[in-house]
Amino acid sequence: MPSSGHRLRDVEHHPLLIENDNYDSSSSSSSEADSADRVWFIHDGCGMICAVMTWLLVVYADFVVTFVMLLPSKDFWYSVVNGVIFNCLAVLALSSHLRTMLTDPGAVPRGNATKEYMESLQLKPGEVIYKCPKCCCIKPERAHHCSICKRCIRKMDHHCPWVNNCVGEKNQRFFVLFTMYIALSSVHALILCGLQFISCVRGQWTECSDFSPPITVILLIFLCLEGLLFFTFTAVMFGTQIHSICNDETEIERLKSEEPTWERRLRWEGMKSVFGGPPSLLWINPFVGFRFRRLQMRPRKGGPEFSV
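Residues numbered from 1 in each chain as written. Predicted model: local features only at pLDDT ≥ 70, side-chain atom pairs only at ≥ 80, totals over all residues. Heavy atoms only, no water.

Per an unreviewed UniProt entry, the protein is named Palmitoyltransferase, and its organism is Pipistrellus kuhlii. Heading Subcellular location (unreviewed entry) of the UniProt record for the protein holds this comment: "Membrane". (UniProt positions renumbered as here; feature names shortened; annotations may be inferred.)

So this is what it looks like as structure tokens:
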């Protein structure tokens, strides 16, 4: 490519744009405006299976809590209060999961490494820019290429199969909320299981549940195992994410021991940047910014994701 007073670093040499490529200069200029009006989804078999399993496990936990432990209880207010709390946590967890999975994590427009685009950047003479040889885009600072999403993601932390998406600049907040609400609902389920076992041992097993004693024991044991596994995993992930946000460092940057070339935010500034604005109850609300859209399928152009 002819020099324009700056240098383009690449690993491989191949055409920046080829015929029938998915890049369109007009769509690139409006990509930021369109990002708020599209639903992101990755066509990855493993990720879709993990996402479905996550939902099924949460639904299973809700079934056991509601129909095995709370409805048969003779204490009306115990059932109502715990039922409302657990179901609210479950709804918030699944909503956060959906927002994480269906939100563009910060994908860089594919194929934008054109002469016109680089001239529009108004780079200084001698300034080095980097092009990803895999998705043919100009890589912004702190962006990394995901081999599953097949896109460069801004501030990519990691790719999580359980949400079938990358965790990046635009959806990290929802991922943090997902891990937090799953951990809280797991703790709540474990406490209810313990109280249920105590109640059944002290009384009659046939009276503490509408199910037979063997089935009740099996359902409670599976729920305890699920709660322990989910709590351990999500609590660790939640702590890791908060630590990364406070240190203004992604997991990839930490593992690669990359020296920061950017100005690190203060811990509180990092939290406000990810969660949006000063501390408020909106921080823990996964519905913030959500609006119903008219779903209209757009033609898929060679990528693993689609927009609606």
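A.B. asks: Would you mind showing me how to read the pairing of strand β3 (residues 128-132) here?
C.D. replies: The side chains of a regular strand alternate between the sheet's two faces. Two elements, β3 and strand β4 (residues 137-139), share three bridges in a ladder whose sense is antiparallel. Bridge pairing links K131 to I138 in β4. Connecting β3 to the next strand, β4, in antiparallel fashion are four residues, including C136 with a positive phi near 55°. (Pairing = 2+ DSSP bridges. Helix = DSSP H or I, 4+ residues; strand = E, 2+ residues; numbered from the N terminus.)

A.B. asks: What's the story with helix α4 (residues 76-102) in this structure? I'm lost.
C.D. replies: Helix length check: α4 (27 residues) gives 38 Å between terminal C-alpha atoms against 39 Å at 1.5 Å per residue, within 8%. With a side-chain oxygen lying 3.4 Å from the backbone nitrogen of W77, the N-terminal cap of α4 falls on D75. (Expected span 1.5 Å × (residues − 1). Polar contact = N/O pair within 3.5 Å; in protein donor to acceptor, adjacent residues only side chain to side chain.)

A.B. asks: Explain the packing of helix α3 (residues 45-70) against α4 here, please?
C.D. replies: If you want to describe how two helices pack, look at the angle between their axes and the distance between the axes. Following both chains from N to C, one finds α3 and α4 inclined at 175°, their axes separated by 10 Å at the closest point. The angle between the axes of α3 and α4 places the two elements in the roughly antiparallel class. Contacts between α3 and α4 involve A51, T54, W55, V58, A61, D62, V65, T66 and L70 on the former and, on the latter, Y78, S79, N82, G83, F86, N87, A90, L94, H97, L98 and M101. When the residues that make up the contact of α3 with α4 are grouped by side-chain class, the tally is 12 nonpolar, seven polar and one charged. (Axes fitted to C-alpha atoms, helices over the stretch in contact; angles between N-to-C directions. Parallel < 35°, antiparallel > 145°, perpendicular 65-115°, else oblique. Contact = heavy atoms within 4.5 Å. Nonpolar A, V, L, I, M, F, W, Y, C, P; charged D, E, K, R; others polar.)

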